[in-house]
Amino acid sequence: NYRNYIEHLKKLSKTPNNESSLKISLGVHATQAANELASNAAHFNFRKEVFTLLIRRICKPNLSADPMAKKTIKTLELLLNEDDDGNISFDIVQILCKTIKTRSYNIEESVLNIFLSLDVLHDYDPNTKSEEEVSRVKLKKKNRIHLTRKQKKARKEMKVIEEEMERAEQAVTAEERERNQGEILKLVLSLYLNTLKMEASRLVAPVLEGLVKFGNMANFELLGDFLEVMKELLQDAEMDTLSPSEIRKTLLLIVSAFSIVSNQNQMKVHIDLSVFVDGLYSLLPYASLDSDIELSHKSLRLADPLNNEILKPLVNYSTKAELLLKALDHIFFRSRTGTKQRALAFTKRIYICMEQTPEKPTIALLKFLEKLVNRYPEVGALYSTDDRIG
């Protein structure tokens, strides 16, 4: 009966928008029922069918026509955020990735932002394997034979055995969780890479946002693939004909490239990011002439600080001025790309740009230059009025 009920919901939820108002209304109610099931009964059988129903409903190019879209996205985000062992997260991510590929990446960016709620990956480190769980399992096998028939020790030994069994169960759970984490990360990063290669312009921003969050977990080979695709996207941009949205996309590319490399704690090799430094240098004059440099593309107002939503993107919701300052900070203070010559060149160009930028970005850039002079004292020579020949 339960399975038949889910099949009935699935059939109703597929109602197209050109059907009668009654059928559309039934489709909305079916989706609402599926949301309730996913929220309260994700541990029941046939949960994959419920997740598939919800994910197919939101993987459409125009979500504003669906009154249940926001509720469905919120439900999936909550499930990912509250999942600790990774089983539910793995099911959702697997179905989501498959559906997005089937729909040829023709989806809205809010669907890709669902991945940002993945809580199971917050402590995952692919470069280190915990030895503790293995030792616990070995301990269990070794100590299990120490049983005695004496009645006075029976209770004590029973307690020891129960503790060992409990520890062994925890070790298995930890191993399963780590396996889920690895599979989820592989699916998410390969989807991000394919999305960048497809050059779906409206999905570039949420992909780069995800890379800032999860890119530090990518292995060296995959990191190289990401940087290659990002370099191609940057080199394809015609700097002198960029629209405001393309300026934003280029700034996002530069910030994301530096973020995923600087987050690589285990990496001891030097990666050449000069293409992104040159890109920012070329972009500076055009960014300074942008009248919307202080505004986010999402809203003309600041976010409500009391709104405790799960999803709080750090990069994609930043203004262009914030992205510009983040990129400059990455180049000179958080990576090895900063040099004396670059500091001198950027200082001159930033002063030229500050003739155009509004008040607040100008003050922020002046504070950045003050910090830069402390780091590279040679920049102080630019302020000297004495002409010298050496």
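**So, the overall build of the chain**
For the chain, the count of helices and strands is 15 helices and zero strands. Total accessible area on the chain is roughly 22300 Å²; 51% of this is exposed by carbon and sulfur atoms.

**A few points about helix 4 (residues 69–82)**
Here helix 4 spans 20 Å end to end across 14 residues, near enough to the 20 Å set by a 1.5 Å rise per residue. For helix 4, the complete set of buried residues consists of Ala69, Thr72, Ile73, Thr75, Leu76, Glu77, Leu79 and Leu80. Residues of helix 4 that are buried make contact with helix 2 (21–40), helix 3 (47–58), helix 5 (87–102) and helix 6 (109–112).

**Considerations on the side chain of Thr250**
Along the polypeptide, Thr250 turns up in helix 11 (residues 244–262). In contact with Thr250, other than residues within four places in its own chain, are Leu234, Ala237, Met239, Leu242 and Leu283.

**Examining a positive patch on the surface**
Among the surface-exposed residues, Lys14, Arg56, Lys60, Lys98 and Arg103 lie close enough to one another that they form a single positively charged patch. When you line up the elements, Arg56 lands in helix 3.

**Details of the packing of aromatic side chains**
Tallied over the entire structure, the rule returns nine aromatic pairs. Taking 6.0 Å as the distance between ring centres and 75° as the angle between the ring planes, the aromatic pair formed by Tyr2 and Phe44 counts as edge-to-face. Highlighted residues: Tyr2 in helix 1 (residues 2–13) and Phe44 in the loop between helix 2 and helix 3, separated in sequence by 42 residues. Judged by centre distance (5.3 Å) and plane angle (75°), the rings of Tyr281 and Phe346 are edge-to-face. Placement of Tyr281 in helix 12 (residues 274–288) and of Phe346 in helix 14 (residues 340–353) is noted, with a sequence separation of 65 residues between them. Here the aromatic residues Tyr281, Phe332, Phe333, Phe346, Phe368 and Tyr376 are joined through ring pairs into a cluster of three or more. Between Arg349 and the ring centre of Tyr281, over which it is positioned, the NZ or CZ distance is 4.0 Å. Against the face of Phe333 rests Lys371, its NZ or CZ located 4.5 Å from the ring centre.

**Things to note about the side chain of Thr357**
Looking at the secondary structure, you find Thr357 in the loop between helix 14 and helix 15 (359–375). Judged by relative accessible area, which is 10%, Thr357 ranks as buried. One polar contact links Thr357 to Thr362, side chain to side chain, over a distance of 2.7 Å.

**Here we look at the nonpolar core**
If you look at the biggest cluster of nonpolar residues, it comprises 101 residues, and the most contacted ones within it are Phe115, Leu118, Tyr192, Leu211 and Met230. A total of ten residues in this core trace back to one element, the largest contributor, which is helix 11.

**A closer look at the packing of helix 11 against helix 13 (residues 320–333)**
Packing of helix 11 against helix 13 leaves a shortest axis separation of 9 Å and a crossing angle of 35°. Here helix 11 runs over helix 13; the crossing is left-handed. Where helix 11 abuts helix 13, its residues Pro244, Ile247, Arg248, Leu251, Leu252, Ile254, Val255, Phe258, Ser259 and Ser262 lie against Lys320, Leu323, Leu324, Lys326, Ala327, His330 and Ile331. Partitioning the contact of helix 11 with helix 13 into residue classes produces eleven nonpolar, three polar and three charged.

**Some thoughts on the state of the cysteines**
Two cysteines whose sulfur atoms are joined by a covalent bond form what is called a disulfide. Using the criterion set out here, one finds zero disulfides in the structure. Of all cysteine sulfurs in the structure, the one in Cys97 sits closest to Cys59, which takes part in no disulfide; the separation is 9.9 Å. Cys59 gets classed as buried once you look at its relative accessible area, which sits at 1%. For Cys97, a relative accessible area of 3% translates into the label buried.

**Remarks on the pattern of salt bridges**
By the definition in use, this model includes ten salt bridges. Glu19 is the partner of Lys23 in a salt bridge, and the nearest nitrogen-oxygen pair spans 3.8 Å. Across the salt bridge formed by Asp329 and Arg334, the nearest N and O atoms sit 3.8 Å from each other. Judged by its relative accessible area of 47%, Arg334 is partly exposed. Each of Arg47, Lys48 and Asp91 takes part in a single network of salt bridges with overlapping partners.

The rules we used
Residues numbered from 1 in each chain as written. Predicted model: local features only at pLDDT ≥ 70, side-chain atom pairs only at ≥ 80, totals over all residues. Heavy atoms only, no water. Helix = DSSP H or I, 4+ residues; strand = E, 2+ residues; numbered from the N terminus. Areas by Shrake-Rupley, 256 points an atom, 1.4 Å probe, with all protein chains shown as cover. Expected span 1.5 Å × (residues − 1). Buried < 20%, exposed > 50% of the residue type's maximum accessible area, 1.4 Å probe, protein only. Contact = heavy atoms within 4.5 Å. Patch = residues over 30% accessible without salt bridge, like charges linked within 9 Å, V, L, I, M, F, W, Y side chains within 5 Å. Salt bridge = Lys/Arg side-chain N within 4 Å of Asp/Glu carboxyl O. Lys, Arg positive; Asp, Glu negative; His and termini not counted. Charge placed at Lys NZ, Arg CZ, Asp CG, Glu CD. Phe/Tyr/Trp six-rings, centres within 6.5 Å; stacked < 30°, edge-to-face > 60°. Lys NZ or Arg CZ within 6 Å of the ring centre and 35° of its normal. Polar contact = N/O pair within 3.5 Å; in protein donor to acceptor, adjacent residues only side chain to side chain. Core = buried A, V, L, I, M, F, W, Y, C linked by side-chain atoms within 4.5 Å. Axes fitted to C-alpha atoms, helices over the stretch in contact; angles between N-to-C directions. Left-handed = near helix turned anticlockwise from the far one by under 90°. Nonpolar A, V, L, I, M, F, W, Y, C, P; charged D, E, K, R; others polar. Disulfide = S-S within 2.5 Å.

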